[in-house]
Amino acid sequence: MAAALLTGSLAACGEPVADAKTLTYWASNQGSSLEFDKQTLAPVLERFEQQTGIHVKVEVVPWSDLLNRLLAAATSGRGPDVVNIGNTWSASLQATNALISFDPQAFDRIGGKDRFVPAALAAAGAPGKAPAAVPLYSLSYALYYNKQMFADAGISKPPATWEELVEVGKKLTNGKQWGLAIEGANPSENAHHAFTFSQQYGGEWFDVSGKPTFDTDQNVAAIKRYIDLMAVDKIVNPSNAEYAKNESLSDFANRKAAMLLWQAAGSAFQAQGMSPEEYGIAQVPFPANPPAGGKKVNSMVAGINIAVFRHSRNLEGAMEFVKFMTSDAEQVALNKVYGSLPSVKAALADPAFAAPEQKVLAEVLNSTASPLPQVTTESQFETLVGAVMKEQFANAANGKPITAAAIRAKLKAVEQRMKG
Amino acid sequence: MTRPMGARGSAAVPVRRPMHAAPDVRQHHARAVGAPPKQRSQRQRRRRRIRSKYLPYLLVAPAVVLEIGIHVVPMLVGVWMSLLELTQFHIQDWSTAPFVGIDNYAATVNFHSETGKALLKSFGITVLYTSLSVFLSWLFGLSAAVFMQRPFKGRALLRTLFLTPYALPVYAAVITWGFLFQRDTGLINHVLVDQLGLVDGERPFWLIGENSFWALLIVSVWRTWPFALLCITAGLQNVSTEMYEAAAIDGAGFWRRLSSVTLPSLRPVNQVLLLVLFLWTFNDFNTPYVLFGGSAPPEADLISIHIYNSSFSTWDFGMGSAMSVVLLLFLLLVTAVYLMITNRRRIHA
């Protein structure tokens, strides 16, 4: 079946364009819809065509398809010239050798390595290797809270520790609303939180050689802490255990939950009718007493990178396009619309990113965010550990006890599956 | 082959040329070759024999070419992939992928390893799911077809209504089911809990936990049974009314008519129908994928999703292919045994 799917998706790819005056670009879905993104990109691409005479054919690819389409393009050597990739896939896609490496010469062609925000650049490939992509949009996690609900419960400031979060969460949980909303059935979201909690508990999901180290005490404690927000503290609606389509975001925007941990959620709230005055933004909490070895990390470096396929018949034009998309002016224009942060330092200074939300995100990104492990098996980690957490949430929602031993056994099993 | 080349060429001419030109040309050729009439008629007969010998192959050729291109080649590629360590390091150039022989298979069917254990569990769930889904779909299809056998007012309307699930696009339909099954806002819980009050205590989950298997089964049966209805309805058209009349004269009741007339007459239809339903349901990817997203709950971890996760999410196409090949062999075996048993029974009957 894998073969059939691969061949199927190969057939879907277009023929490579041979002339120097066109480029094919696969954009990831950043806005509220594919159509919205198309309209956002249209004037940008027009400016590029005016400057260079190169026409860009853009396709906005939904997240559910993007990785499979990229794999098919890498396998067949056909498809787009320039693509957006989730920055957590950088090392995996780097290993395919299908993307060009941004060595010093390549960086020179797009204006130099120093222009980029270092934290964002750290999530563009395996450490010690020339990056396989350059950052385009940057994001980090933050704690969003409903100001009115906080005021009604007599809470004056957002929680800074998990202990405080549980305490205010209990005050905020009543018949009509819950303290916190969680996307419990979404493996990727779960895995991102597993990473942050593990860092705070002094754990690692991979050792320095890239081997999985899943079933350590720290990782077990990290996952248990997160699941217990529903299982023990009961500040999360059990229904959140089946949320996988951004329902937790809707719950927050529709005043069913008082807090939410999310990346750049502002534009999505707006789309659901919640104005920026209604919510506050704070950093993701830390433990009150950090365990031994615990790191001061409260977010992954989230973001989108832009990459060039080696098989491109118009490498010159492709590099020109990357340079254009990472130019100060376009970085301001695009990130402003999407509510994300520019990945080049100069653009960050623009007043457009001085809003409270972007200020918090930038602060986190520059000080306490850490990239997810840049190893080739990262996507396996997200799939397998994320699914373990989904199962634990399902157990918690059905009133079954969550034990460290059960979590450890599950982590051990998926670690063995990673080794084959 | 003692025939002169020119004569063979002439055989093709009448076919290719416009009809009105044919006799002249043939005569001209015959004269040119100078063949006596008796020999000619013998040759024509032989030609006709050759033509009728190759014609069936010629007619079947396009289908064979397409079958090879669409099914056999990808299947063989899949088998080849299963013998390689085809991870992301090698997908760009398969020739660099290390040949690992049967290692992937060994890991797949080693039921002491976590990979093998997980696959075996997924296989068990799929067998149970398929058996229940096929049986229920067939049962519903048969019941509806039998009850709608005799004309009555509104029969066409009812048949159309029953066939709707089969006509709906699978994605739209299953997404809708996903909404219906939601715990807080879904219609199923609204009816079961809020309106009928059938559930005490907590509202049940349908998309996670143990119920997810039943939710998946409900959607599967809903999608599949109209096809069974369609086939069985068509099959019933061939049952002669005389047999029912004869049975009625003999005093046979409804159940007796069903077991002695309807079911035996439907045997050829059922034989194909059950096999097709089995293969479709066993391999069904869309229903679980759309209902649960990429990550199915362990209780509803069907083999198609499991293999998808083993290759696409984990970037190990060699392992995924090995699992696919094992699955293919299993389905071939089931099909062969099934056809052998049912055919033998038909001959004996």
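Residues numbered from 1 in each chain as written. Chains lettered and ligands numbered in written order. Predicted model: local features only at pLDDT ≥ 70, side-chain atom pairs only at ≥ 80, totals over all residues.

## A closer look at the overall build of chain A
Heads up, the condition is: Under the DSSP-based scheme used, a helix requires at least four consecutive residues in state H or I and a strand at least two consecutive residues in state E, with every element numbered from the N terminus. Both definitions apply: the radius of gyration is a C-alpha atom measure, and the globule rule equals 2.2 Å times residues to the power 0.38. Residues with at least 20 other C-beta atoms within 10 Å of their own are called buried, those with 12 or fewer are called exposed, and the rest are partly exposed. The C-beta atoms themselves are positioned from the backbone.
When helices and strands are tallied, chain A shows 18 helices and 12 strands. Relative to a compact globule of 420 residues, whose C-alpha radius of gyration would be 22 Å, chain A shows 21 Å and is just as compact. Its C-alpha atoms give chain A principal-axis dimensions of about 60 × 50 × 35 Å. Sorting the 420 residues of chain A into buried and exposed places 53% on the buried side.

## Thoughts on the overall build of chain B
As a reminder, the rule being used: The contact rule is simple: place each C-beta atom from the backbone, and if two of them lie within 7 Å, those residues are in contact.
Each helix and strand counted, chain B has 14 helices and 0 strands in total. Taken from the N to the C terminus, the helices and strands of chain B come in the order α-α-α-α-α-α-α-α-α-α-α-α-α-α. A burial count over chain B gives 30% of its 349 residues as buried. Put simply, 62% of the contacts in chain B that link residues at least 6 apart link residues at least 24 apart.

## A look at the interface of chain A and chain B
Selection criterion: Under the convention adopted here, Pro, Cys and the residues Ala, Val, Leu, Ile, Met, Phe, Trp and Tyr are nonpolar, Asp, Glu, Lys and Arg are charged, and Gly plus all remaining residues are polar.
In this complex, chain A contributes 35 residues to the contact, which on the side of chain B involves 37 residues. Broken down by secondary-structure element, the contributors of at least two residues to the side of chain A that touches chain B are α1 (2–12), α3 (63–76), α4 (90–96), α17 (378–397) and α18 (404–418) of chain A. Broken down by element, the side of chain A that touches chain B gets its largest block of residues, 9 residues, from α17(A). Tallied by class, the residues present in the side of chain A that touches chain B amount to 16 nonpolar, 15 polar and 4 charged.

## Digging into helix α2 (residues 34–52) of chain A
All names here are of chain A. Filter applied, for reference: The length a helix should cover is 1.5 Å for every residue beyond the first. Fitting one axis to the seven residues ending at a residue and another to the seven starting there, the bend at that residue is the angle between the two axes.
With 19 residues, α2 should reach 27 Å at 1.5 Å per residue; the first-to-last C-alpha distance of 26 Å fits that figure. The sharpest bend along α2 comes to roughly 30 degrees, located at Ala42, with the proline Pro43 sitting one to four residues further on. Taken residue by residue, α2 has Asp37, Leu41, Leu45 and Phe48 as its buried positions. Of the surrounding elements, those touching the buried residues of α2 are β1 (22–28), β2 (55–61) and α13 (315–325). Note on α2: the residue one or two positions beyond its end, Gly53, has a positive phi of about 75 degrees.

## Some points on the environment of His311(A)
With respect to the helices and strands, His311(A) occurs in the loop between β10 (302–308) and α13. A sequence separation of 159 residues divides His311(A) from Asp152(A), and the C-alpha atoms of the two residues are 59 Å apart.

## Observations concerning the sheet that holds β10(A)
Residues and elements named next belong to chain A. Rules: Here, a strand pair is defined by DSSP locating no fewer than two bridges between the strands. Note on geometry: axes are lines fitted to C-alpha atoms, helical ones only across the stretch in contact, with angles between N-to-C directions running from 0 to 180 degrees.
If you walk across this open sheet you meet the 6 strands as β2-β1-β3-β10-β4-β11, and the pairing is mixed. The open sheet has two edge strands with one neighbour each: β2 and β11 (341–342). Along the sheet, α13 contacts β1, β2, β3 (82–86), β4 (134–139) and β10; its crossing angle with β10, the most-contacted strand, is approximately 155 degrees.

## Some remarks on the sheet that holds strand β7 (residues 257–263) of chain A
All names here are of chain A. Spatially, β6-β7-β5-β8 is the arrangement adopted by the 4 strands of the open sheet, whose pairing is mixed. With one partner strand each, in any of the chains shown, β6 (178–181) and β8 (279–282) form the two edges of the open sheet. Recorded for the sheet is a direction-independent mean angle of 20 degrees between the axes of neighbouring strands. Relative to β8, strand β5 (residues 141–146) is paired through 4 bridges, and the arrangement is antiparallel. Bridge pairing in β8 links Tyr145 to Gly280. Contacting β6 and β7, helix α8 (residues 162–172) runs over the sheet at an angle of about 125 degrees to β6. Against the sheet, helix α16 (residues 356–367) contacts β5 and β8, and its axis sits at roughly 15 degrees relative to β8.

## Topic: the UniProt feature "domain: ABC transmembrane type-1" (unreviewed entry) in chain B
Heads up, the rule is: UniProt positions are given in the numbering used here, feature names are shortened, and annotations may be inferred rather than shown by experiment.
Feature annotation in UniProt assigns "domain: ABC transmembrane type-1" (unreviewed entry) to the following positions: residues 123–338 of chain B. Across residues 123–338 of chain B, the secondary structure splits into 75% helix and 0% strand, with the terminal C-alpha atoms separated by 19 Å.

## Concerning the packing of helix α9 (residues 187–200) of chain A against helix α10 (residues 217–231) of chain A
Residues and elements named next belong to chain A. Short version of the rule: Reported orientations rely on four angle classes, namely roughly parallel under 35 degrees, roughly antiparallel over 145, roughly perpendicular from 65 to 115, and oblique for the rest. Left-handed describes a crossing whose near helix is turned anticlockwise from the far helix through less than a right angle; right-handed describes the clockwise counterpart.
Where α9 contacts α10, the axes come no closer than 8 Å and their chain directions differ by 120 degrees. Our classification of the angle between α9 and α10 gives oblique. Viewed along their axes, α9 and α10 form a crossing whose handedness is right-handed. Of the residues in α10, those in contact with His193, Ala194, Phe197 and Ser198 of α9 are Gln218, Asn219, Ala222, Ile223, Arg225 and Tyr226. Of the residues assigned to the contact of α9 with α10, the class counts are 5 nonpolar, 4 polar and 1 charged.

## Some remarks on the packing of α10(A) against α17(A)
All names here are of chain A. The interhelical angle for the contact between α10 and α17, taken along N-to-C directions, is 30 degrees, at an axis separation of 9 Å. If you check the angle between α10 and α17, you find them roughly parallel. Judged by the twist between their axes, the crossing of α10 over α17 is right-handed. On α17, the residues that touch Ile223, Ile227, Met230 and Ala231 of α10 are Met389, Gln392, Phe393, Ala396 and Ala397. A per-class count over the contact of α10 with α17 returns 8 nonpolar, 1 polar and no charged.

## What about the nonpolar core?
One recurring pattern in soluble globular proteins is that nonpolar side chains are buried together. Inclusion rule: Put simply, a nonpolar core is buried Ala, Val, Leu, Ile, Met, Phe, Trp, Tyr and Cys residues tied into one set by C-beta atoms within 7 Å. An automatic or database domain assignment supplies the residue ranges for each domain.
By size, the foremost hydrophobic cluster in this structure holds 180 residues, and its most contacted members are Tyr144(A) and Leu260(A). The element that contributes the greatest number of residues to this core is helix α9 (residues 211–236) of chain B, accounting for 11 residues. A domain-level breakdown of this core finds at least three residues from each of domain 1 (2–139 + 301–370) and domain 2 (141–300 + 377–418) of chain A. Every residue in contact with Leu260(A), bar those within four places of it in the chain, is listed here: Tyr144(A), Ala181(A), Ser248(A), Leu249(A), Phe252(A) and Ala265(A).

## A short note on the confidence of the model for chain A
To keep things clear, this is the line we draw: One number per residue, pLDDT, summarises how confident the predictor is, and it ranges from 0 to 100.
Here chain A averages 91 in pLDDT, and 95% of its residues register 70 or above. Scored below 50 in pLDDT, residues 1–17 of chain A shows 39 contacts in the model against residues more than four places distant or in partner chains.

## Topic: the UniProt feature "transmembrane region" (unreviewed entry) in chain B
Residue and element names in this part refer to chain B. The UniProt entry lists residues 54–77, 127–148, 160–180, 213–236 and 317–341 under the feature "transmembrane region" (unreviewed entry), expressed in the numbering used here. Each end of residues 54–77 is marked by a C-alpha atom, and these two atoms are 31 Å apart; helix forms 100% of the span and strand 0%. The straight-line gap between the two end C-alpha atoms of residues 213–236 is 33 Å; of that span, 100% is helix and 0% is strand.

## A word on the environment of Pro342(A)
All names here are of chain A. By the secondary structure assignment, Pro342 is in strand β11. Each C-alpha atom, one on Pro342 and one on Ala362, is 9.4 Å from the other, the two residues being 20 residues apart in sequence. Setting aside residues up to four positions removed in sequence, Pro342 forms contacts with Gln331, Val332, Asn335, Ala347, Leu348 and Phe353.

## A look at the pairing of β4(A)
All names here are of chain A. For β4, the buried fraction is high: 6 of the 6 residues fall into the buried class. Where β4 and β10 come together, 5 bridges link them in antiparallel fashion. Bridge pairing in β10 places Val134 opposite Ile306. By the bridge criterion, 2 bridges tie β4 to β11 in an arrangement that is antiparallel. Bridge assignment links Ser138 to a residue of β11, and that residue is Leu341.

## Regarding the domain arrangement of chain A
All names here are of chain A. Segmenting chain A into domains produces domain 1 (2–139 + 301–370) and domain 2 (141–300 + 377–418). For domain 1 versus domain 2, the separation of C-alpha centres amounts to 28 Å. At the junction of the two partners, domain 1 supplies 19 residues and domain 2 supplies 19 residues. Among the elements of the structure, α4, α16 and β12 (369–370) are those that each provide at least two residues to the side of domain 1 that touches domain 2. Among the elements that make up the side of domain 1 that touches domain 2, the one with the highest residue count is α16 (5 residues). Tallied by class, residues from the side of domain 1 that touches domain 2 come to 11 nonpolar, 7 polar and 1 charged.

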